[in-house]
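Here's the letter readout for the chains.
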Amino acid sequence: MAYHHQQHHRKMAHVIDVNMGYGHARAAYAIRDLAGHDIVTANDYRGIPTSDRKFWEEGRKIYEAISRLKPIPIIGDLMFGIMDEFQEIPPFYPRRDLSKPSLQLRQVYRMIKKGWGKHLIEKLREDPLPIVTTFFTVAFMADYYGYPGEIYCVTTDTDIARHWAPLDPKNSKIKYFAANGRCKERLQLYGVPENQIFLTGFPLPKDLIGGYPEKVLQADLMGRICNLDPNGIFLSRYAKTIRAALGAAKCVPKKTHPLTLSFSVGGAGAQRKLGVDVMTSLAHDIRQHRIRLALFAGIRKNVADYYIESAKELGLGKEIGKSLLIPVYKDRAEYFEAFNAFLHETDIVMTKPSEMSFYTALGVPIIMAPPIGSQEQFNAVWLQYIGGGVPMSDPRYMNEWLFDWINSGGVARMAWNGYVEAPTHGAYRIEDIVLGRKSEIHPLPLIV
Amino acid sequence: MAEHRHSIKTPIAHVIDVDMGYGHSRAAYALKDLSGGVVTTSNNYPGIPASDRKTWKEMRELYEAMSRLHTTPIVGGILFAPIAKIEEIPKFYPRRDLSKANFALRQAYRMIHNGLGKHLVRTLEVNPLPVICTHPVPAFAMEVHGYPGDIWCVPTDADVARAWVPMDSKQSRIKYLCANGRLMERLALYGVRENQLHLTGFPLPKELIGGERSTVIRHDLLARLCNLDPNELFLDRHRKTIAATLGASACSYRKSHILTILYAVGGAGAQRGVGREILKSMAMRLKRGEVKIRLSAGTRSDVLRYYQQTLKELNIKHGVEFIFSHDRAEYFAQFNHALHDTDILWTKPSELAFYTALGLPIIMSNPLGVQEQFNATWLKYVGGGVMQDDVRYANEWIFDWIASGGLARAAWNGLVEAPTHGTYRIEDLLLGRETSLVQLPSIV
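Residues numbered from 1 in each chain as written. Chains lettered and ligands numbered in written order. Predicted model: local features only at pLDDT ≥ 70, side-chain atom pairs only at ≥ 80, totals over all residues.

A. Broad picture of the overall build of chain A. Looking only at helices and strands, chain A has 16 helices and 12 strands in total. Relative to a compact globule of 448 residues, whose C-alpha radius of gyration would be 22 Å, chain A shows 22 Å and is just as compact. The principal-axis extent of the C-alpha atoms belonging to chain A is close to 60 × 50 × 45 Å. Here chain A holds 448 residues, and the buried ones make up 53% of them. Counting only contacts in chain A whose residues sit at least 6 apart along the sequence, the fraction spanning at least 24 positions is 67%. (Helix = DSSP H or I, 4+ residues; strand = E, 2+ residues; numbered from the N terminus. Rg over C-alpha atoms; globule rule 2.2 N^0.38 Å. Buried ≥ 20, exposed ≤ 12 C-beta atoms within 10 Å, placed from the backbone. Contact = placed C-beta atoms within 7 Å.)

This is the structure:
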C-alpha cells in the first residue's frame, strides 16, 4: 500500500476535535492529513458564536476543575465520583439492550436543540466533505442539523459510555470508527446498527508507523527492545518470532539512544505531583545517566515550571536538557508533533491509561498511573489484557522496581505484546474508509 | 539432560508434606519419585505422637477457618484482619532487612521447642537421607531437633511471609528451592544466605511435562490451542514460533476433545459456590454439548455432594465430570491425569497458579489470603492468567475470550514465561549432578 505513505495536502474531510483534555485532539492530529492539516476545533474555531463558546466552556471548566480536584483525598474522590456517575459505563455482561439514553445524553441534545453547534454545522455545510470528529457531541450536532455529507465519529477509549451514541441510534446516520472490538460491541448494545461501525483501531501517528508494512515502527521497536532487555532474556525466548517479524533479533553494540522514559500527564495536569515523585526516585539514576527522563507538561507552562523548580531542588538543574527533559509547547499541534517525534527514542511511556493506552500498539510499553474515571479503568483492563501495560508500583521506589522489571525482560515483553496485539493501523484504515478506497490492510479481529 | 534419567529407582530423600490445604501436598506429590513414591505427612504419619497430632490439628483447623472466613463478605474481612496481620507479607520495595522474626514464627518455634516434630526427626534419622519439606514447620523442626541430613524446603507460593524462614535465618542450614525469582529475593531479605537459595521453579508433575523437551506438554498444548483459538487469531500471529516450538504440524490445529474447563476448589472447600455459578451459567451450553466442565472436589465429600445436588437442581445430565478421592495421592493422580485434556484451569491463585507453566491458561477466582494476591500478581505479570469476570455470565465472556484468541495467548505465555522444569531441577540438585536444563532468569 505505497499510497498510504503520501500526505494529503488537499482537504478531503473536515476533521473536528475539541479542546478538552488531549484525547480527542490527539486522535484528530493523527488523521490531520485528511483535512489538509486544517483541524477544526469545535469549541474554539474562528467565528464561534459567544453562546456556543459558553456552552462548551462550562463543560470544559467542570471537567478540568474536577480532574484537578481528584488527587485531594475524600473531597476529590467524592466530586469525581459524582461526575463519573454521569459518565458511567455499565457492565458489559450480560449482553442486553443498553440503548436507553442517559441523563447526560438527553442534556446534550437539549442544548443542541437550543442551537448549540448550529453555526459550526452551517459553516461546514458550505463544503460538505465527510466530517470525521473525535468528539461525539459534534457528530450529534451534524446529525441533528441535517449535515449532507458523511458523519464519522472516532471513539477515543477502549470502552465508552452511552453518551457516545446518539439519542436515537437506529435512525442516526453517524458512523463510528471503533478503537477496539469491545467498543464496537458496546456501540451495538447502545443501538448503533452494525453496518455503521467500522473496527479500525485508534488513529495513531503515521510518522511513527511508516505505512504498511510498518517499517518505521519496526526499526524503532528493535532499538527499544535492545534498551529494554539488557540481559537478553526476552530476546532469547522470542528470537524466532522477532527475527520473522523484524528481520533481526540481535542488538548492535551501539545504542540508538539512552534508556528513556517519557512521563506524560493529562491536560488537566492532575498528576504533576506524581511526575515529581518519579523524578525524585530516579534522581540518582538520572545523574548517573543510567536513564533519561522526559517530563511532558504539554502546553502547561506552569506545570513545566513546577517540574523545573523541583528538579533544581533535587540538584538536577545541570541535567535539564541532558538526562532530564522538561519541554513545554505553545499549542497542542506543536506539542503533538514534538511528542510524537520523541516517541522514536522513547522506551517506556508512563501515563494514566488515557487514549495514550493505544500507543502500546507502536511497541511502546506503558506503565500506568492510577486511572481517572471509569473509561480509564476500562482502558487499564484492556491494556493489561493486551499485555502492553502494567500498573505502576510505589513511585517512591521506582528506582528499584523499574530496573527490576527491565532486567527481567518483562518491559521488553510488554513492548512486543503491544505491537503484536493492539491495532496499529487505525489512521490508515480510517483514511481508506473516508476516501472510499479499498484497503490492503488486514481487517482487525474482534479482540475483546 | 538427555543422559539424565529421572526415573529414580531407590529413595534418595525423604519428601515431607503437611495435610493442610493442597499446596504443600501437591508440591510433595510431584517430588515423590525422590522418596520412592512415599510422602511422609508430618501431621498424619504412622506412629505420630498424640501431642503432635493435636498441635497440628489445631493449626489445620485455624487454617481452614481462615480460608472459609475469606469468602464471608464483610464479617469475614473484619474477623480476618488480625489473622491477616500474622500472615502478612510486607511490601517488597524498598529492599531492606526484613529478617526480624514475627509473631507467627515465634509461635511456631515455641511449639517446636515444646517437642513438635521431634518424633518425626528421630524416626527419619534412622536413614538420614536429605529431607525435602514443603511446609516450613517440619523444616524448622528438623533443624531444631538436630536432623543429621540435609534439609531442603520448597515454598509453595510466588511470595511468602517471614514465617517461611527460620528464626536465625543467617545461621540456618535450611536450603530453599524457589519457585520464582521474586521468592528468592524475598527470602534473601528475610536473611537467608544467597548460597542457600536455589531458583528451580515450582515442582510440577513430571507426567504432565515429559522430560527436558517437554514432549507431553507439546502434545497436550497442541490439542488445547485448537480449542482455545477456534478463529486461529493467535495462530495467525505466532505461526512461526508455534511451529518452531511445537513442530510443523502445529500449523494446523487438530481437535481431539471438546472444550474442557476444570474448576478446582481449595482444601478447605471454600469457593464451592463459584462452581455452582459456573454450572448455572453454562447449563445451556452443557446441554448442547459445547463444553465439558470438570469440577474438582479434592478430598472433600461434602463438596462433591454439593455439586451433585446442584446438578440435580439444574437438571444437568451431561458434560460434567468430578475429580474426587478420599485419598490425597489418588486425588492428585486423578487431577493430573485430567489436566492432559483440560483447556482452561479455573482456580483461586493458589499453588495451582504455577500450573500455567504447563501451557494452561488460568482463570482466577478471588484470591484468599495475601500470598494468593501475590500469586495473582505474578500470574498476571507472566501473562498466564486473568481474573474471572462476573461468574453469572461466564457463558458469555469465556467464549468471547476464546473467540479473541486471548486464552490461547495466556496458555502460550504460561509455557514460555513460567518455569516448567522445577521437579527436574530439584531432582538434579538432590542427586548432586549438574543440570543441563537452562538456568532460570530471576524474573520478578
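Moving on from the coordinates now.
B. Region of the structure containing the interface of chain A and chain B. Contact with chain A, which involves 29 residues of that partner, is made by 28 residues of chain B. Elements supplying a minimum of two residues to the side of chain A that touches chain B: α9 (233-246), α13 (374-386), α14 (398-407) and α15 (410-421) of chain A. For the side of chain A that touches chain B, the leading source of residues is α9(A), giving five residues.

C. Geometry of the sheet that holds strand β6 (residues 197-199) of chain A. All names here are of chain A. With respect to topology, six strands assemble into an open sheet ordered β2-β1-β3-β4-β5-β6, the strand pairing being parallel. This sheet does not close on itself; its edge strands, each paired only once, are β2 (40-41) and β6. Pairing geometry for strand β1 (residues 14-17) and strand β3 (residues 131-133), over three bridges, is parallel. Each bridged residue has a counterpart across the sheet, and for Ile16 the counterpart in β3 is Thr133. Contacts from helix α6 (residues 136-144) reach β1, β3, β4 (151-154) and β5 (174-178), with the element oriented near 165 degrees to β4. (Pairing = 2+ DSSP bridges. Axes fitted to C-alpha atoms, helices over the stretch in contact; angles between N-to-C directions.)

D. Geometry of helix α16 (residues 426-434) of chain A. Residue and element names in this part refer to chain A. Among the nine residues in α16, eight count as buried, and that is most of the element. Of the positions making up α16, those classed as buried are Gly426, Ala427, Tyr428, Arg429, Ile430, Glu431, Asp432 and Val434. Tucked into the core, α16 has its buried residues touching α1 (23-30), β3, β4 and β5. One or two positions beyond α16, positive phi appears at Gly436, with a value near 65 degrees.

E. Looking closely at the pairing of β5(A). Residue and element names in this part refer to chain A. Counting buried residues in β5 gives five out of five residues, a clear majority hidden from the surface. Going residue by residue along β5, you find Ile174, Tyr176 and Ala178 tucked away on one face and Lys175 and Phe177 tucked away on the opposite face as well. With four bridges connecting them, β4 and β5 associate as parallel partners. Counterpart to Cys153 in the pairing with β5 is Tyr176. In this sheet, β6 lies alongside β5 in parallel orientation, the contact comprising three bridges. Across the sheet, residue Tyr176 finds its bridge partner in β6, namely Ile197. You can see the chain leave β5, run along helix α7 (residues 181-189) and come back into β6, and the turn it takes is right-handed. (Right-handed = clockwise from strand over helix to strand, strands pointing away.)

F. Up close: the confidence of the model for chain B. Overall, the predicted model of chain B reaches an average pLDDT of 91, with 92% of residues at or above 70. Overall fold confidence for the complex sits at a pTM of 0.92, while the interface term, ipTM, reaches 0.89. (pLDDT = per-residue confidence, 0-100.)

G. Representation of helix α13 (residues 370-382) of chain B. With 13 residues, α13(B) extends 19 Å from end C-alpha to end C-alpha; this agrees with the ideal 18 Å at 1.5 Å per step. With 11 of 13 residues buried, α13(B) lies mostly within the body of the structure. Listing the buried residues of α13(B) in full gives B:Gln371, B:Glu372, B:Phe374, B:Asn375, B:Ala376, B:Thr377, B:Trp378, B:Leu379, B:Lys380, B:Tyr381 and B:Val382. Structurally, α13(B) contributes buried residues whose contacts are with α13 and α15 of chain A together with α7 (181-189), β11 (362-364), β12 (385-387) and α15 (406-417) of chain B. (Expected span 1.5 Å × (residues − 1).)

H. Molecular detail of the confidence of the model for chain A. For chain A, per-residue confidence averages 91 on the pLDDT scale, and 90% of positions sit at 70 or higher. Note on residues 1-6 of chain A: pLDDT under 50 across the span, and eight contacts to partners over four residues away in sequence or across chains.

I. Representation of the nonpolar core in the model. Of all hydrophobic cores here, the largest spans 135 residues; its most connected members are A:Val132, A:Leu204, A:Leu293 and A:Ala415. Ignoring anything within four residues of it in the chain, the contact list for A:Leu204 reads A:Ala30, A:Ile209, A:Phe358, A:Tyr359, A:Ala361, A:Leu362, A:Thr424, A:Gly426 and A:Ala427. (Core = buried A, V, L, I, M, F, W, Y, C linked by C-beta atoms within 7 Å.)

J. Main features of unusual backbone geometry. Residue and element names in this part refer to chain A. The linkage connecting Tyr93 with the following residue, Pro94, adopts the cis geometry, with an omega of -5 degrees. For Pro94, the location among the structural elements is in the loop between α3 (75-86) and α4 (103-113). In the segment running from Tyr212 into Pro213, the intervening peptide bond is cis, with an omega of 5 degrees. Looking at where Pro213 falls in the secondary structure, it is placed in the loop between β6 and α8 (215-228). Positive phi is not limited to glycine here, since His289 has a value of about 55 degrees.

K. Expanded view of the sheet that holds strand β3 (residues 131-133) of chain B. Residues and elements named next belong to chain B. Spatial ordering of the open sheet is given by β2-β1-β3-β4-β5-β6, a layout of six strands whose pairing is parallel. Strands with a single pairing partner mark the edges of an open sheet, and in this sheet they are β2 (39-41) and β6 (197-199). Taken over all neighbouring pairs, the strand axes of this sheet differ in orientation by 25 degrees on average, direction set aside. In this sheet, β3 lies alongside strand β1 (residues 14-17) in parallel orientation, the contact comprising three bridges. Paired with His14 across the two strands is Val131, which belongs to β3. Strands in contact with helix α1 (residues 23-30) are β1 and β2; relative to β1, the strand with the most contacts, it is inclined by about 160 degrees.

L. Structural view of the packing of helix α8 (residues 215-228) of chain B against α15(B). Residues and elements named next belong to chain B. It is the contact of α8 with α15, at a shortest axis distance of 9 Å, that shows an interaxial angle of 160 degrees. As far as their axial angle goes, α15 and α8 are roughly antiparallel. As α8 runs across α15, the sense of the crossing is left-handed. Here Ile217, Leu221, Arg224, Leu225 and Leu228 of α8 lie close against α15, whose contacting residues are Leu407, Ala408, Ala411 and Leu415. Across the contact of α8 with α15, the residue classes break down as eight nonpolar, no polar and one charged. (Parallel < 35°, antiparallel > 145°, perpendicular 65-115°, else oblique. Left-handed = near helix turned anticlockwise from the far one by under 90°. Nonpolar A, V, L, I, M, F, W, Y, C, P; charged D, E, K, R; others polar.)

M. Spotlight on the pairing of strand β10 (residues 344-347) of chain B. Residue and element names in this part refer to chain B. Where burial is concerned, the two faces of β10 agree: the one with Ile344 and Trp346 and the one with Leu345 and Thr347 are both buried. When strand β7 (residues 260-264) meets β10, the two strands line up parallel, connected through four bridges. Bridge assignment links Ile261 to a residue of β10, and that residue is Ile344. Relative to β11, β10 runs parallel, the two being bridged by three bridges. Pairing of Thr347 across the sheet is with Met364, part of β11.

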